[in-house]
Amino acid sequence: MTALKINKKVVLEAVFLIGIIALTLYSIFHEQDPAAIWACLRGADIRYLIGSVFLVLAFVLGESVILWWLFRTSGQKAKASHCCLYSFVGFFFSAITPSASGGQPMQLYFMKKDKLPLSVSTLILLIVTITYKMVLVILGLAVLVIRPPVVMHYLNPILFWCYLGIILNVICVWVMLALVFHPDWMHRMVAAIIDLVTRIFHWKRGIKLRERLDGAMEKYSQAAAFFKSHKIIVLQVLVITFFQRGCLFLVTVAACRSLGVTAGSIGLIVLLQGMISVAVDMLPLPGGLGISEKLFKDIFVQVCTKKYTLPVMIVSRGLSFYVQLGISAVMTVVAYLRIGTKDK
(Lines give C-alpha, C1' and ligand atoms only; values in the text may rest on other atoms or scores of the structure.)
Protein backbone atom coordinates (compact mmCIF):
# COMPACT_ATOMS: atom_id res chain seq x y z
CA MET A 1 0.00 0.00 0.00
CA THR A 2 1.61 3.27 -1.10
CA ALA A 3 1.73 6.40 1.03
CA LEU A 4 -0.59 8.17 -1.45
CA LYS A 5 -3.24 5.47 -1.15
CA ILE A 6 -2.92 5.54 2.64
CA ASN A 7 -3.34 9.32 2.70
CA LYS A 8 -6.48 9.14 0.53
CA LYS A 9 -7.90 6.42 2.75
CA VAL A 10 -7.17 8.46 5.88
CA VAL A 11 -8.92 11.52 4.42
CA LEU A 12 -12.04 9.54 3.48
CA GLU A 13 -12.16 7.84 6.86
CA ALA A 14 -11.67 11.19 8.63
CA VAL A 15 -14.57 12.76 6.69
CA PHE A 16 -16.79 9.77 7.48
CA LEU A 17 -15.81 9.91 11.16
CA ILE A 18 -16.47 13.65 11.40
CA GLY A 19 -19.92 13.12 9.87
CA ILE A 20 -20.77 10.38 12.38
CA ILE A 21 -19.49 12.51 15.27
CA ALA A 22 -21.58 15.47 14.11
CA LEU A 23 -24.74 13.36 13.94
CA THR A 24 -23.98 11.83 17.34
CA LEU A 25 -23.42 15.21 18.98
CA TYR A 26 -26.63 16.56 17.45
CA SER A 27 -28.64 13.60 18.75
CA ILE A 28 -27.12 14.03 22.23
CA PHE A 29 -27.53 17.78 22.64
CA HIS A 30 -30.74 18.26 20.67
CA GLU A 31 -33.35 19.85 22.95
CA GLN A 32 -30.96 19.82 25.93
CA ASP A 33 -30.13 22.75 28.20
CA PRO A 34 -26.45 23.62 27.60
CA ALA A 35 -26.33 25.86 30.68
CA ALA A 36 -27.48 23.06 32.99
CA ILE A 37 -25.03 20.61 31.43
CA TRP A 38 -22.16 23.08 31.75
CA ALA A 39 -23.06 23.78 35.38
CA CYS A 40 -22.64 20.06 36.15
CA LEU A 41 -19.45 19.71 34.15
CA ARG A 42 -17.88 22.79 35.73
CA GLY A 43 -18.08 21.16 39.13
CA ALA A 44 -16.23 18.00 38.07
CA ASP A 45 -13.38 16.90 40.34
CA ILE A 46 -10.22 17.39 38.29
CA ARG A 47 -8.40 14.61 40.18
CA TYR A 48 -10.70 11.96 38.77
CA LEU A 49 -10.34 13.41 35.26
CA ILE A 50 -6.55 13.29 35.42
CA GLY A 51 -6.73 9.74 36.77
CA SER A 52 -9.00 8.82 33.85
CA VAL A 53 -6.41 10.00 31.33
CA PHE A 54 -3.88 7.65 32.93
CA LEU A 55 -6.44 4.83 32.73
CA VAL A 56 -6.89 5.51 29.01
CA LEU A 57 -3.11 5.45 28.51
CA ALA A 58 -2.89 2.20 30.48
CA PHE A 59 -5.55 0.72 28.20
CA VAL A 60 -3.63 1.60 25.03
CA LEU A 61 -0.18 0.79 26.36
CA GLY A 62 -1.39 -2.53 27.74
CA GLU A 63 -1.45 -3.76 24.16
CA SER A 64 2.09 -2.48 23.56
CA VAL A 65 3.30 -4.65 26.47
CA ILE A 66 1.63 -7.66 24.85
CA LEU A 67 3.11 -6.85 21.42
CA TRP A 68 6.62 -6.38 22.82
CA TRP A 69 6.41 -9.60 24.83
CA LEU A 70 5.10 -11.68 21.92
CA PHE A 71 7.71 -10.30 19.52
CA ARG A 72 10.44 -11.17 22.01
CA THR A 73 8.96 -14.65 22.50
CA SER A 74 9.03 -15.08 18.71
CA GLY A 75 12.70 -14.11 18.57
CA GLN A 76 12.17 -10.61 17.12
CA LYS A 77 13.92 -7.59 18.65
CA ALA A 78 11.08 -5.11 18.45
CA LYS A 79 11.70 -1.78 20.17
CA ALA A 80 9.46 -1.12 23.17
CA SER A 81 8.91 2.49 22.05
CA HIS A 82 7.84 1.31 18.60
CA CYS A 83 5.44 -1.23 20.13
CA CYS A 84 3.83 1.72 21.93
CA LEU A 85 3.46 3.49 18.59
CA TYR A 86 1.98 0.35 16.98
CA SER A 87 -0.68 0.34 19.71
CA PHE A 88 -1.60 3.99 19.24
CA VAL A 89 -1.77 3.48 15.47
CA GLY A 90 -4.01 0.45 15.92
CA PHE A 91 -6.44 2.19 18.26
CA PHE A 92 -6.58 5.31 16.09
CA PHE A 93 -7.50 3.48 12.89
CA SER A 94 -9.79 1.07 14.76
CA ALA A 95 -11.67 4.08 16.13
CA ILE A 96 -12.27 5.67 12.73
CA THR A 97 -13.15 2.56 10.70
CA PRO A 98 -16.33 0.42 10.84
CA SER A 99 -15.99 -2.68 13.04
CA ALA A 100 -12.43 -1.56 13.88
CA SER A 101 -11.34 -3.02 10.54
CA GLY A 102 -8.55 -0.54 9.81
CA GLY A 103 -6.41 -0.93 12.92
CA GLN A 104 -4.42 -4.07 12.26
CA PRO A 105 -3.67 -3.45 8.55
CA MET A 106 -2.08 -0.13 9.53
CA GLN A 107 -0.17 -1.79 12.36
CA LEU A 108 1.18 -4.30 9.85
CA TYR A 109 2.22 -1.42 7.60
CA PHE A 110 4.38 0.12 10.33
CA MET A 111 5.71 -3.25 11.48
CA LYS A 112 6.79 -3.95 7.91
CA LYS A 113 8.54 -0.56 7.83
CA ASP A 114 10.45 -1.72 10.94
CA LYS A 115 11.63 -4.79 8.99
CA LEU A 116 9.67 -7.18 11.21
CA PRO A 117 8.68 -10.37 9.35
CA LEU A 118 5.13 -10.12 8.02
CA SER A 119 4.36 -13.72 8.99
CA VAL A 120 5.39 -13.13 12.63
CA SER A 121 3.55 -9.77 12.81
CA THR A 122 0.37 -11.31 11.40
CA LEU A 123 0.57 -14.19 13.88
CA ILE A 124 1.02 -11.86 16.85
CA LEU A 125 -1.85 -9.58 15.83
CA LEU A 126 -4.06 -12.64 15.37
CA ILE A 127 -3.30 -13.72 18.94
CA VAL A 128 -4.01 -10.18 20.19
CA THR A 129 -7.34 -10.13 18.33
CA ILE A 130 -8.46 -13.51 19.68
CA THR A 131 -7.63 -12.65 23.30
CA TYR A 132 -9.16 -9.16 22.91
CA LYS A 133 -12.44 -10.68 21.72
CA MET A 134 -12.26 -13.53 24.24
CA VAL A 135 -12.39 -11.06 27.14
CA LEU A 136 -15.72 -9.68 25.90
CA VAL A 137 -17.08 -13.17 25.24
CA ILE A 138 -16.15 -14.36 28.75
CA LEU A 139 -17.61 -11.22 30.34
CA GLY A 140 -20.81 -11.32 28.28
CA LEU A 141 -21.44 -15.03 28.78
CA ALA A 142 -20.72 -14.79 32.52
CA VAL A 143 -23.29 -12.01 32.96
CA LEU A 144 -25.97 -13.50 30.69
CA VAL A 145 -25.60 -17.04 32.09
CA ILE A 146 -25.24 -16.22 35.81
CA ARG A 147 -27.75 -13.35 35.44
CA PRO A 148 -27.00 -11.40 38.66
CA PRO A 149 -30.33 -9.73 39.54
CA VAL A 150 -28.95 -6.22 40.11
CA VAL A 151 -26.99 -6.19 36.86
CA MET A 152 -29.87 -7.66 34.84
CA HIS A 153 -32.23 -5.02 36.26
CA TYR A 154 -30.06 -2.24 34.82
CA LEU A 155 -29.45 -4.11 31.56
CA ASN A 156 -33.13 -4.75 30.91
CA PRO A 157 -33.60 -1.76 28.51
CA ILE A 158 -30.73 -2.94 26.27
CA LEU A 159 -30.97 -6.73 26.54
CA PHE A 160 -31.58 -7.12 22.80
CA TRP A 161 -28.30 -5.37 22.01
CA CYS A 162 -26.47 -7.40 24.66
CA TYR A 163 -27.67 -10.71 23.18
CA LEU A 164 -26.91 -9.53 19.64
CA GLY A 165 -23.43 -8.43 20.68
CA ILE A 166 -22.59 -11.68 22.46
CA ILE A 167 -23.88 -13.77 19.53
CA LEU A 168 -21.73 -11.80 17.06
CA ASN A 169 -18.68 -11.96 19.31
CA VAL A 170 -19.09 -15.69 19.96
CA ILE A 171 -19.36 -16.34 16.20
CA CYS A 172 -16.26 -14.21 15.56
CA VAL A 173 -14.18 -15.96 18.24
CA TRP A 174 -15.47 -19.39 17.20
CA VAL A 175 -14.48 -18.79 13.59
CA MET A 176 -11.00 -17.56 14.59
CA LEU A 177 -10.43 -20.47 16.96
CA ALA A 178 -11.71 -22.92 14.34
CA LEU A 179 -9.27 -21.41 11.84
CA VAL A 180 -6.46 -21.81 14.39
CA PHE A 181 -7.17 -25.31 15.71
CA HIS A 182 -8.98 -26.86 12.73
CA PRO A 183 -7.44 -25.07 9.74
CA ASP A 184 -7.77 -28.05 7.36
CA TRP A 185 -11.50 -28.43 8.02
CA MET A 186 -12.12 -24.68 7.68
CA HIS A 187 -9.95 -24.56 4.57
CA ARG A 188 -11.96 -27.28 2.85
CA MET A 189 -15.28 -25.70 3.82
CA VAL A 190 -14.38 -22.14 2.70
CA ALA A 191 -12.67 -23.43 -0.48
CA ALA A 192 -15.80 -25.43 -1.37
CA ILE A 193 -17.96 -22.33 -0.93
CA ILE A 194 -15.64 -20.23 -3.10
CA ASP A 195 -15.56 -22.93 -5.81
CA LEU A 196 -19.34 -23.25 -5.77
CA VAL A 197 -19.89 -19.49 -6.07
CA THR A 198 -17.23 -19.27 -8.81
CA ARG A 199 -18.90 -22.02 -10.89
CA ILE A 200 -22.46 -20.72 -10.48
CA PHE A 201 -21.78 -17.00 -11.02
CA HIS A 202 -18.59 -17.29 -13.12
CA TRP A 203 -16.83 -15.19 -10.49
CA LYS A 204 -13.55 -13.96 -11.96
CA ARG A 205 -11.98 -13.20 -8.59
CA GLY A 206 -12.59 -16.74 -7.35
CA ILE A 207 -9.17 -18.07 -8.40
CA LYS A 208 -7.31 -15.18 -6.78
CA LEU A 209 -9.39 -15.56 -3.64
CA ARG A 210 -8.47 -19.25 -3.47
CA GLU A 211 -4.79 -18.32 -3.64
CA ARG A 212 -5.22 -15.81 -0.82
CA LEU A 213 -7.11 -18.41 1.18
CA ASP A 214 -4.23 -20.88 0.86
CA GLY A 215 -1.79 -18.25 2.16
CA ALA A 216 -4.09 -17.32 5.05
CA MET A 217 -4.45 -20.95 6.12
CA GLU A 218 -0.70 -21.23 6.47
CA LYS A 219 -0.72 -18.30 8.91
CA TYR A 220 -3.48 -19.89 10.98
CA SER A 221 -1.49 -23.13 11.10
CA GLN A 222 1.43 -21.15 12.53
CA ALA A 223 -0.94 -19.66 15.12
CA ALA A 224 -2.10 -23.14 16.13
CA ALA A 225 1.49 -24.22 16.67
CA PHE A 226 2.14 -21.12 18.81
CA PHE A 227 -0.99 -21.70 20.93
CA LYS A 228 -0.03 -25.32 21.57
CA SER A 229 3.61 -24.60 22.43
CA HIS A 230 3.06 -21.37 24.43
CA LYS A 231 -0.11 -22.07 26.41
CA ILE A 232 1.09 -20.25 29.54
CA ILE A 233 2.08 -17.17 27.55
CA VAL A 234 -1.32 -17.07 25.81
CA LEU A 235 -3.03 -17.35 29.20
CA GLN A 236 -0.88 -14.52 30.56
CA VAL A 237 -1.77 -12.40 27.52
CA LEU A 238 -5.45 -13.05 28.28
CA VAL A 239 -4.94 -11.85 31.87
CA ILE A 240 -3.19 -8.68 30.69
CA THR A 241 -6.04 -8.08 28.25
CA PHE A 242 -8.57 -8.37 31.11
CA PHE A 243 -6.58 -5.73 32.98
CA GLN A 244 -6.38 -3.60 29.83
CA ARG A 245 -10.14 -3.70 29.24
CA GLY A 246 -10.81 -3.10 32.93
CA CYS A 247 -8.81 0.15 32.84
CA LEU A 248 -11.10 1.53 30.16
CA PHE A 249 -14.26 0.43 31.98
CA LEU A 250 -13.02 2.16 35.15
CA VAL A 251 -13.12 5.50 33.30
CA THR A 252 -16.91 5.44 33.70
CA VAL A 253 -16.50 4.94 37.46
CA ALA A 254 -14.16 7.94 37.58
CA ALA A 255 -16.63 9.98 35.51
CA CYS A 256 -19.43 9.23 38.00
CA ARG A 257 -17.31 10.03 41.03
CA SER A 258 -15.92 13.22 39.49
CA LEU A 259 -19.46 14.60 39.22
CA GLY A 260 -20.46 13.47 42.69
CA VAL A 261 -22.53 10.46 41.61
CA THR A 262 -21.97 7.85 44.32
CA ALA A 263 -24.80 5.45 43.42
CA GLY A 264 -23.69 2.09 42.10
CA SER A 265 -20.65 0.15 43.27
CA ILE A 266 -17.41 0.09 41.29
CA GLY A 267 -18.05 -3.52 40.28
CA LEU A 268 -21.58 -2.76 39.07
CA ILE A 269 -20.51 0.22 36.95
CA VAL A 270 -17.60 -1.74 35.45
CA LEU A 271 -19.94 -4.60 34.51
CA LEU A 272 -22.51 -2.25 32.98
CA GLN A 273 -19.86 -0.45 30.93
CA GLY A 274 -18.41 -3.81 29.94
CA MET A 275 -21.78 -4.99 28.65
CA ILE A 276 -22.09 -1.85 26.54
CA SER A 277 -18.77 -2.80 24.96
CA VAL A 278 -20.04 -6.34 24.38
CA ALA A 279 -23.16 -4.95 22.70
CA VAL A 280 -21.43 -2.52 20.30
CA ASP A 281 -18.06 -4.16 19.63
CA MET A 282 -19.07 -6.00 16.44
CA LEU A 283 -21.45 -3.38 15.05
CA PRO A 284 -20.27 -1.71 11.81
CA LEU A 285 -19.87 1.76 13.32
CA PRO A 286 -16.50 3.48 13.94
CA GLY A 287 -15.86 3.47 17.67
CA GLY A 288 -19.46 2.39 18.27
CA LEU A 289 -20.45 6.02 17.76
CA GLY A 290 -24.12 6.78 18.25
CA ILE A 291 -25.19 3.40 19.57
CA SER A 292 -22.73 3.55 22.50
CA GLU A 293 -24.18 6.88 23.61
CA LYS A 294 -27.75 5.60 23.29
CA LEU A 295 -27.10 2.45 25.32
CA PHE A 296 -25.19 4.46 27.92
CA LYS A 297 -28.14 6.80 28.45
CA ASP A 298 -30.62 3.92 28.61
CA ILE A 299 -28.60 2.17 31.34
CA PHE A 300 -27.06 4.94 33.39
CA VAL A 301 -30.18 7.07 33.73
CA GLN A 302 -31.07 4.44 36.35
CA VAL A 303 -27.72 4.90 38.14
CA CYS A 304 -27.05 8.63 37.80
CA THR A 305 -30.61 10.01 37.62
CA LYS A 306 -31.70 12.10 34.64
CA LYS A 307 -29.89 15.25 35.82
CA TYR A 308 -26.43 13.66 35.77
CA THR A 309 -26.77 11.04 33.03
CA LEU A 310 -25.75 13.29 30.14
CA PRO A 311 -22.86 15.02 31.99
CA VAL A 312 -21.50 11.63 33.13
CA MET A 313 -21.77 10.30 29.58
CA ILE A 314 -19.96 13.36 28.20
CA VAL A 315 -17.09 12.89 30.65
CA SER A 316 -16.95 9.11 30.25
CA ARG A 317 -17.16 8.96 26.44
CA GLY A 318 -15.12 12.14 26.11
CA LEU A 319 -12.24 10.56 28.00
CA SER A 320 -12.53 6.92 26.90
CA PHE A 321 -13.10 7.65 23.21
CA TYR A 322 -12.42 11.23 22.15
CA VAL A 323 -9.35 11.83 24.35
CA GLN A 324 -8.04 8.41 23.36
CA LEU A 325 -8.70 9.27 19.70
CA GLY A 326 -6.88 12.61 20.00
CA ILE A 327 -3.82 11.15 21.74
CA SER A 328 -3.71 8.25 19.28
CA ALA A 329 -3.95 10.65 16.34
CA VAL A 330 -0.95 12.63 17.58
CA MET A 331 1.05 9.45 18.20
CA THR A 332 0.08 8.13 14.76
CA VAL A 333 1.72 11.22 13.26
CA VAL A 334 4.78 10.50 15.42
CA ALA A 335 4.77 6.90 14.16
CA TYR A 336 4.65 8.11 10.56
CA LEU A 337 7.55 10.52 11.15
CA ARG A 338 9.68 8.00 13.06
CA ILE A 339 8.81 4.78 11.24
CA GLY A 340 6.75 5.52 8.15
CA THR A 341 9.40 7.74 6.55
CA LYS A 342 12.32 5.56 7.55
CA ASP A 343 13.16 4.50 3.98
CA LYS A 344 12.80 7.98 2.46
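1. A word on the pattern of salt bridges
Throughout the structure, instances matching the rule amount to 5 salt bridges. Aspartate 45 is paired through a salt bridge with arginine 47; the nearest N and O atoms lie 2.7 Å apart. According to the relative accessible area criterion, arginine 47 is exposed, its value standing at 64%. Close ionic contact of aspartate 298 with lysine 294 constitutes a salt bridge, the shortest N to O distance being 2.8 Å. With aspartate 298 and lysine 294 both in helix α13 (residues 291–340) and 4 residues apart, this pair spans about one turn of that helix. Within the structure, one salt-bridge network assembled from shared partners comprises Lys133, Arg245 and Asp281.

2. Considerations on unusual backbone geometry
Of note, lysine 115 is a non-glycine position whose phi angle comes to about 65°, a positive value. Its location among the elements puts lysine 115 in the loop between α5 (103–113) and α6 (118–146). We classify lysine 115 as exposed; its relative accessible area is 69%. The phi angle at arginine 147 is positive, at roughly 55°, despite the residue not being glycine. Tracing the sequence through the fold places arginine 147 in the loop between α6 and α7 (149–155). The partly exposed category is assigned to arginine 147, whose relative accessible area is 39%.

3. What about the nonpolar core?
In this structure, Leu155, Leu272, Ile299, Phe300 and Val312 are the most contacted members of the largest nonpolar core, which totals 51 residues. Looking at this core, the elements with two or more residues in it are α3 (46–73), α4 (80–96), α6, α7, α8 (159–181), α11 (231–258), α12 (266–280) and α13. Take this core: its biggest share by element is 12 residues, from α13. Residues within four places of leucine 155 in sequence aside, it is in contact with Val143, Cys162, Leu272, Met275 and Ile299. In this structure, Ile96, Tyr109, Phe110 and Ile127 belong to the second largest nonpolar core, which totals 33 residues.

4. Quick look at the packing of aromatic side chains
Inspection of the entire model under this criterion finds 6 aromatic pairs. Consider the rings of phenylalanine 160 and tryptophan 161, whose centres lie 5.3 Å apart with planes at 75°: the pair is edge-to-face. Taking the relative accessible area as the measure of exposure, phenylalanine 160 reaches 55% and is therefore exposed. Directly above the aromatic system of tyrosine 132 lies the positively charged group of arginine 245, at a separation of 3.7 Å from the ring centroid.

5. Some points on the side chain of threonine 309
Structurally, threonine 309 can be placed in helix α13. If sequence neighbours within four positions are ignored, threonine 309 has contacts with Phe296, Lys297, Phe300, Val301 and Cys304.

Conventions used here
- Residues numbered from 1 in each chain as written.
- Predicted model: local features only at pLDDT ≥ 70, side-chain atom pairs only at ≥ 80, totals over all residues.
- Heavy atoms only, no water.
- Salt bridge = Lys/Arg side-chain N within 4 Å of Asp/Glu carboxyl O.
- Buried < 20%, exposed > 50% of the residue type's maximum accessible area, 1.4 Å probe, protein only.
- Helix = DSSP H or I, 4+ residues; strand = E, 2+ residues; numbered from the N terminus.
- Core = buried A, V, L, I, M, F, W, Y, C linked by side-chain atoms within 4.5 Å.
- Contact = heavy atoms within 4.5 Å.
- Phe/Tyr/Trp six-rings, centres within 6.5 Å; stacked < 30°, edge-to-face > 60°.
- Lys NZ or Arg CZ within 6 Å of the ring centre and 35° of its normal.

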